[in-house]
Amino acid sequence: MPHESSTAPNVLVVDDEEDVAEAYALKLRGDYNTELAFGGEAALEKADATTDAMLLDRRMPDIHGDEVLEKLRDRGYDFPIIMVTAVDPDLNILEMDFDDYLCKPVDKGTLRKTLDQHVDRSGTDPKLDEFFSLLSKLSVLESELQPSELEDDEEFQRLKRRAVKLSEELRESMDNFEEIVETHRSVDRGSRSSL
C-alpha cells in the first residue's frame, strides 16, 4: 500500500509480520512513500539508491535484522536505518550502525517524529548524525539496564565520552543545537523501565 507522491521521501518498511509492516505504512501515509519488505531477504533485495530511510525489525526468521543492517552498511548504504523492534536492547547494540532504536509498540506520532528528524537532517552534518545515533543508543540502554551494568562496560563509557565531546563541538558550531537535541529527546523510544 505505497503512497503515490514523487516528492515525499521513500521509506522501506521491513517486518516479517505483514500486518505490522502494513500498519506502519498506514501511519506514514501522506508524508512518505512506503515500500514493504516482509523479511530480511526482501529488505536486501528492495533497498537501493532511491531508499531515503528504513524501518527495520530485528527478529525475523529468514535473516536477522542485525545481519540485514550490517549487509546494507557493507554495501555502502548510508540512509537512516531505524530499528523498530520488540527485542529488548542490550549492550550489543553499541556496535551496531543504526540511526535510532524504537521499542514496539510504536505509535503514529513517534514513528513520524523519528523519521522526520532523521530524514530531514540525514547527511547534512556527519558529526550531528553520529551524535544522534550515539544519543539514541545511550538513552535506550540507560532506560533498559541497571546503572551498575553500564558503569562497568568500557564500550558504553567510551561512547558516552564521545557523545559528550561531540555535544560540546556541535554546541559551539550550531545556534539551534539545544532545540534540535530537545526535539530528539522528546521521542518516546518505548523504554519500559522506570529508571
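Each chain has its residues counted from 1, following the order in which its sequence is written. Per-residue local features are limited, in this predicted model, to residues with pLDDT of at least 70; the limit for side-chain atom pairs, both in listing and counting, is 80 or more; totals at the level of whole chains, interfaces and linings are taken over all residues. To obtain the side-chain values, all non-hydrogen atoms of the structure were used and water was disregarded.

1. Concerning the environment of leucine 111
Short version of the rule: A run of H or I in DSSP becomes a helix once it reaches four residues, and a run of E becomes a strand once it reaches two; helices and strands are each numbered from the N terminus. Each residue's exposure class comes from its accessible area (1.4 Å probe, protein chains only) as a fraction of the maximum for that residue type: buried when under 20%, exposed when over 50%, partly exposed otherwise. Residue contacts follow a heavy-atom distance rule, with two residues in contact if any of their heavy atoms lie within 4.5 Å.
Assignment of secondary structure puts leucine 111 in helix H4 (residues 108–121). Assessed through its relative accessible area of 1%, leucine 111 is described here as buried. Spatially, the C-alpha atoms of leucine 111 and arginine 189 are 9.5 Å apart, while their sequence positions differ by 78 residues. When residues no more than four places from it in sequence are discounted, the contact partners of leucine 111 are Tyr24, Lys27, Leu28, Leu55, Leu102 and Val106.

2. Here we look at the packing of helix H5 (residues 126–144) against helix H8 (residues 177–185)
Counted only if it meets this: Angles run from 0 to 180 degrees between N-to-C directions of axes, and those axes are lines fitted to C-alpha atoms, restricted for helices to the stretch in contact. Put simply, a crossing is left-handed when the front helix is turned counterclockwise from the back one by less than a right angle, and right-handed when it is turned clockwise. Under this grouping Gly is polar, as are all residues other than the nonpolar Ala, Val, Leu, Ile, Met, Phe, Trp, Tyr, Cys and Pro and the charged Asp, Glu, Lys and Arg.
Interaxial distance between H5 and H8 falls to 11 Å at its minimum, and their mutual angle equals 35°. In this structure, H5 meets H8 at a crossing whose hand is right-handed. Seen from H5, the contacting residues are Leu128, Phe131, Phe132, Leu135 and Ser136; seen from H8, they are Phe177, Ile180, Val181, His184 and Arg185. When grouped by side-chain class, the residues that make up the contact of H5 with H8 number seven nonpolar, two polar and one charged.

3. As for H5
We count it as follows: Helix span, expected: 1.5 Å multiplied by one less than the number of residues in the helix. The term polar contact refers here to a pair of N or O atoms within 3.5 Å; inside protein, the definition further demands a hydrogen-donor-capable atom paired with an acceptor-capable atom, and it admits residues adjacent in sequence only when both atoms are side-chain atoms.
Here H5 spans 27 Å end to end across 19 residues, near enough to the 27 Å set by a 1.5 Å rise per residue. The element H5 is extensively covered by neighbouring structure, given that 14 of its 19 residues are classed as buried. Among the residues of H5, the N-terminal cap falls to aspartate 125, whose side-chain oxygen and the backbone nitrogen of lysine 127 are separated by 3.0 Å.

As far as function goes, none of this settles anything; it's purely spatial.
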